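This is what each chain is made of:
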Amino acid sequence: MNLGSQDNHYPKAKISISVLKELYILYSALSHSFDAQASNWRFLPNHKSNYFPNILSSGRFLHTQTSSDDSWTNNNNRELNIDLLFHSCTKTHLAKRLHALLIVLGKVQSLFISTRLVNLYANLGNISLSQQTFDQIPQKDVYTWNSMISAYVHNGAHTDAITCLYKMLTFEVKPDFYTFPPVIKACRDINNGKRIHAWISKTGLEWDVFVAASLVHMYCRFGIFDAAYGIFTNMPFRDMGCWNAIISGFCQNGKGKKALEILDEMKFEGIKLDSVTVSTVLPICAQMDDMSQGRLIHLYVIKHGLESDLFVGNAFINFYAKFGELENSQKFFDNLVTRDLVSWNSIISAYEQNGNPDRALWFFREMQKDGFAPDLLTLVSVASSIAQSRDTRGSKSVHSFILRRFWFVKDVIIGNAVVDMYAKLGNVENARELFERILIKDVVSWNTMITGYGQNGLASDAIEVFQNMVEKNFVTPNQGTWASIIPAYALIGALKEGQKSHSNVLKTGLILDLYIGTCLIDFYGKCGKVKDAMLLFDEVPKTNSVPWNAVISCLGIHGHGETCLKLFENMIESGAHPDAITFISLLSACSHSGLIEQGEQCFNAMEKDYGIKPGLKHYGCYVDMLGRAGELEKAYDFIKSMPLTPDASVWGALLGACRIYGNTDLGKVVSDKLLEVDEGNVGYYVLLSNIYANAGKWEGVNRVRLMANEKGLKKTPGWSSVEIDKRMEVFYTGNYSHSKCDEIYKELEDLMMKIKVIGYVPDYSFVLQDVEEDEKERILMSHSERLAIAYGIISTPPKTVIRIFKNLRVCGDCHNATKFISKVTEREIVVRDSNRFHNFKDGVCSCGDYW
């Protein structure tokens, strides 16, 4: 039998562990009888072994040119199948046995074989054995040095790779074009990179296509784009890899515009885009909101048959998802011939990011049915989807799934995602508990916790986390931090702290950042500093609707409806496109200013002129606008004619109007509808109770309160805060625990006497308890906003502006009393309640008594 033909029959055969063990016994037995000086196999006659026919004569590991018998004393022309042995060593212990066998057989004297051992150990991840093998080679050629350099890079030993190159140059071994690409990739500082570039120039390899492409990548990585582009433009020949290298380098460093210019240059030179080019450029098109360029690439992909390519398909799923075109994302996903984990993650993320959590979770289940195990990125999208769908049980399942795999330890990203999930579900206790367990927190971890508290109205806790982040953990705030903490300051009106953040933003150069600037506009607006908000609005870039929405909302809560409408006109003239939030801000502004006709025009123009279908929030604003104007029946008829099923916000707006105008009958009808859609919101029980109380129907008050108690609901306590000497003081209704309690109530008694003289008459309809009149007056006097105002008066110099922030709507009697207090004290008193701003001055409120 010709054993050489057997090698062709087993080109990819693997050596089993048992066979290698036999080889190990074999070469151990032969080690004392093998003549290491011989250039071929010579075995002494008395060492014939039973292992020979089992292993070597099988033909799988031997080559020969002629047939022979089983006598091994004459096998001078037989050789081991070295290639098969190398390919079969998939574990380090097998590689060691092969190494030992090659030593016994004298094969390691071959430079080629020794270098292969260096590569074998490197591929198995054992860089130490690779180094030892390399050191034992007496005479090394350039191929050997290149192999060792590549071994270091492959195993992440970047410093060692560069040191190895310098040693190679010291030994005067001339590098070739295989030497530099891996070591350039290993450079972690630009000084080494420039030094290596100098060596490349000396050796004349600068214009080799692979070396030049590596240099382009390196300079792009360090942000030296002029050098990268200079090398690229001076290359005598540029292959597809070079074009992809320069485009990728610019894309990865936020130079999307330049990358697209190079792409156009590439097309002009007639170079065809491949799947790498497409998947590199598409994310930049999405980032730059360049839909037209993405569509042109889509046409190119169809024309050149790349539509079903895996990398291209995955890139387009993400691209169209960025623009909300889920149908196109779905088409690309469906057209993929094969799908990988990236494909599934992309489609799940597409639906999650576009507010369709149920569909995202459906794809998650389908992915598992298709045999794909979720990874960290999958679970990040799933956690967000569960938060959007308000699935509390699902959140526990995801948390347990991650815990069982120890992924919280593996990557901080998944910990941040689950903290965010709990916070969005309103479970801030679990969010904080997990946050504390994250061993190594990055800045995103802190930002997530700050945002979580802010989203749940716990501004003080958000500020406490921010202070721990900066003062105790010395984490430097970034853009996300400021975008999280500034809204928290706005929530409680912490003007001084917010101004300090504004100063820090100025120092970091983020003031021109669109979202930070918008947060500051919102902050100053909610702190009553309208002029400062407008000054900032003039400075920030207005490339989209975000800053316009913020300033319209800001002016709206201050009752400047006419100005809001004028700003909207300016927005359209500037070329900025309004969105759904723009019209929520406009309708709210019209509501607070009593601009019914203009509000109706805005509502009708949404879909007719701008193609924006009204959502439930728009309907809620419209009902609120009609209700504030006393058009209760019209608002009720409007709700009944809605194409959408009214939610709690719509019915709640009408119920609030029923309370203002004391319409008990309609209030009962509306409350029944309201409790059908949201029976767990204590605020609606309070509203209905107040309607009955205003009408003196105490039986109804008791019945509603009993219903709330049976459901375990508790009324949100009213509180008001005032900032004095950079310290926020919070007062609850009927509070007697403050250190200056006696002074506060004494001041209130004096104020009541003074304002009664000039015309104040208590309105007992705002006392929601069936008690005597003197007790009613005491209850009114102890409302939280009055306590805060009195404390502000006794704690600040005369004529100082007092700024009050209240979590609930200001009551009518307190509103009236504050007008008189502003007059007798000659102070400006700014009160922000849950609905809007009230600027009291000289006995007049900026709202015109319309709120």
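This structure is a prediction, so every number in the text was calculated from the model and none was measured.

Chemist: Where do I start with the pairing of strand β4 (residues 727-732) in this structure?
Modeler: Looking along a regular strand, one sees the side chains alternate between the two faces of the sheet. Bridge count between strand β3 (residues 719-724) and β4: 6 bridges; the pairing is antiparallel. When the bridges of β4 are listed, Glu-723 appears paired with Met-728. What sits between β3 and β4 in their antiparallel hairpin is a turn of 2 residues, with Asp-725 showing a positive phi close to 55°.

Chemist: What should I look at first to understand the pattern of salt bridges in this one?
Modeler: Proximity of charged atoms lets side chains of opposite charge pair with each other. In the structure shown here, the tally under the stated rule is 23 salt bridges. As a salt-bridge pair, Glu-777 and Lys-756 come within 2.6 Å of each other at their nearest N and O atoms. Here Lys-756 lies in helix α43 (residues 741-757) and Glu-777 lies in helix α44 (residues 773-781), a separation of 21 residues in the sequence. Taken together, the shared-partner salt bridges connect Arg-432, Glu-436 and Glu-464 into one network.

Chemist: Just to check I follow, could you spell out the nonpolar core for this structure?
Modeler: Within soluble globular proteins, side chains that are nonpolar tend to cluster in buried spots. Counting residues in hydrophobic clusters, the biggest one holds 192 residues, and the most contacted among them are Phe-180, Ile-246, Ile-247, Ile-297, Phe-316, Ile-485 and Leu-654. Tallying contributions element by element places helix α12 (residues 209-221) first for this core, with 9 residues. Not counting the four nearest positions on each side in its chain, Phe-316 is found in contact with Val-278, Leu-282, Gly-294, Ile-297, His-298, Val-301, Ser-329 and Phe-332. Within the second largest apolar cluster, 28 residues are counted, among which are Leu-751, Leu-787, Ile-793 and Cys-847.

Chemist: How do you make sense of the sheet that holds β4 when you look at a structure like this?
Modeler: Within a beta sheet, neighbouring strands are joined by backbone hydrogen bonds and run either parallel or antiparallel to one another. The sheet built from 6 strands is open, its strands ordered β4-β3-β5-β6-β7-β8 with mixed pairing. Taken across any chain shown, the strands that pair with only one partner, and hence form the sheet edges, are β4 and β8 (844-845). Note: strand β5 (residues 802-806) against strand β6 (residues 829-832), 4 bridges, orientation parallel. Across the sheet, the residue bridging to Phe-805 is Arg-832, located in β6.

Chemist: I'm lost on helix α34 (residues 561-574) in this one. Help?
Modeler: Given 3.6 residues per turn, any residue in an α-helix points the same way as the ones three and four places further on. Taking 1.5 Å per residue as the helical rise, α34 with its 14 residues ought to reach 20 Å, and the 20 Å between its terminal C-alpha atoms agrees with that figure. Those residues of α34 not exposed but buried are Gly-561, Cys-564, Leu-565, Leu-567, Phe-568 and Met-571. For α34, the arc enclosing every buried residue in end-on projection is 160°, short of the 170-degree limit, so these residues lie on one face. Residues of α34 that are buried make contact with α32 (530-539), α33 (546-557), α35 (580-593) and α36 (596-610). Just beyond α34, the residue with positive phi is Gly-575, at close to 95°.

Chemist: Looking at this structure, I do not really get a nonpolar patch on the surface. What am I missing?
Modeler: Judged by side-chain polarity, Phe-177, Tyr-178 and Phe-210 come together as a nonpolar surface patch covering roughly 350 Å² of accessible area. Along the chain, the position of Tyr-178 falls in the loop between α9 (158-170) and α10 (180-186).

Chemist: Explain the confidence of the model for the protein here, please?
Modeler: Regions with low pLDDT should not have their predicted coordinates read in detail. Looking at the protein, pLDDT values average 84 and 89% of them are 70 or higher. Per-element averaging of pLDDT across the protein places helix α1 (residues 3-9) at the bottom with 34 and helix α20 (residues 341-353) at the top with 96. Between residues 1-15, whose pLDDT stays under 50, and residues either more than four places distant or in other chains, the model counts 26 contacts. A low-confidence stretch, residues 26-78 (pLDDT under 50), is modelled with 90 contacts involving residues beyond four sequence positions or located in other chains.

Chemist: It is not clear to me how unusual backbone geometry should be interpreted in this structure. Could you clarify?
Modeler: Of all residues except glycine, most have a negative phi; of all peptide bonds, most are trans. In this structure, Glu-172 is a non-glycine residue whose phi angle is positive, near 60°. Inspection of the secondary structure assignment puts Glu-172 in the loop between α9 and α10. Relative accessible area serves as the criterion here: at 74%, Glu-172 is assigned to the exposed category. Of note in this structure, Glu-826 is not a glycine but carries a positive phi near 55°. One can find Glu-826 in the loop between α46 (812-825) and β6. Glu-826 sits in the exposed class, given a relative accessible area of 51%.

Conventions we followed
- Residues numbered from 1 in each chain as written.
- Predicted model: local features only at pLDDT ≥ 70, side-chain atom pairs only at ≥ 80, totals over all residues.
- Heavy atoms only, no water.
- Pairing = 2+ DSSP bridges.
- Helix = DSSP H or I, 4+ residues; strand = E, 2+ residues; numbered from the N terminus.
- Salt bridge = Lys/Arg side-chain N within 4 Å of Asp/Glu carboxyl O.
- Core = buried A, V, L, I, M, F, W, Y, C linked by side-chain atoms within 4.5 Å.
- Buried < 20%, exposed > 50% of the residue type's maximum accessible area, 1.4 Å probe, protein only.
- Contact = heavy atoms within 4.5 Å.
- Expected span 1.5 Å × (residues − 1).
- Arc of directions from axis to C-beta.
- Patch = residues over 30% accessible without salt bridge, like charges linked within 9 Å, V, L, I, M, F, W, Y side chains within 5 Å.
- Areas by Shrake-Rupley, 256 points an atom, 1.4 Å probe, with all protein chains shown as cover.
- pLDDT = per-residue confidence, 0-100.

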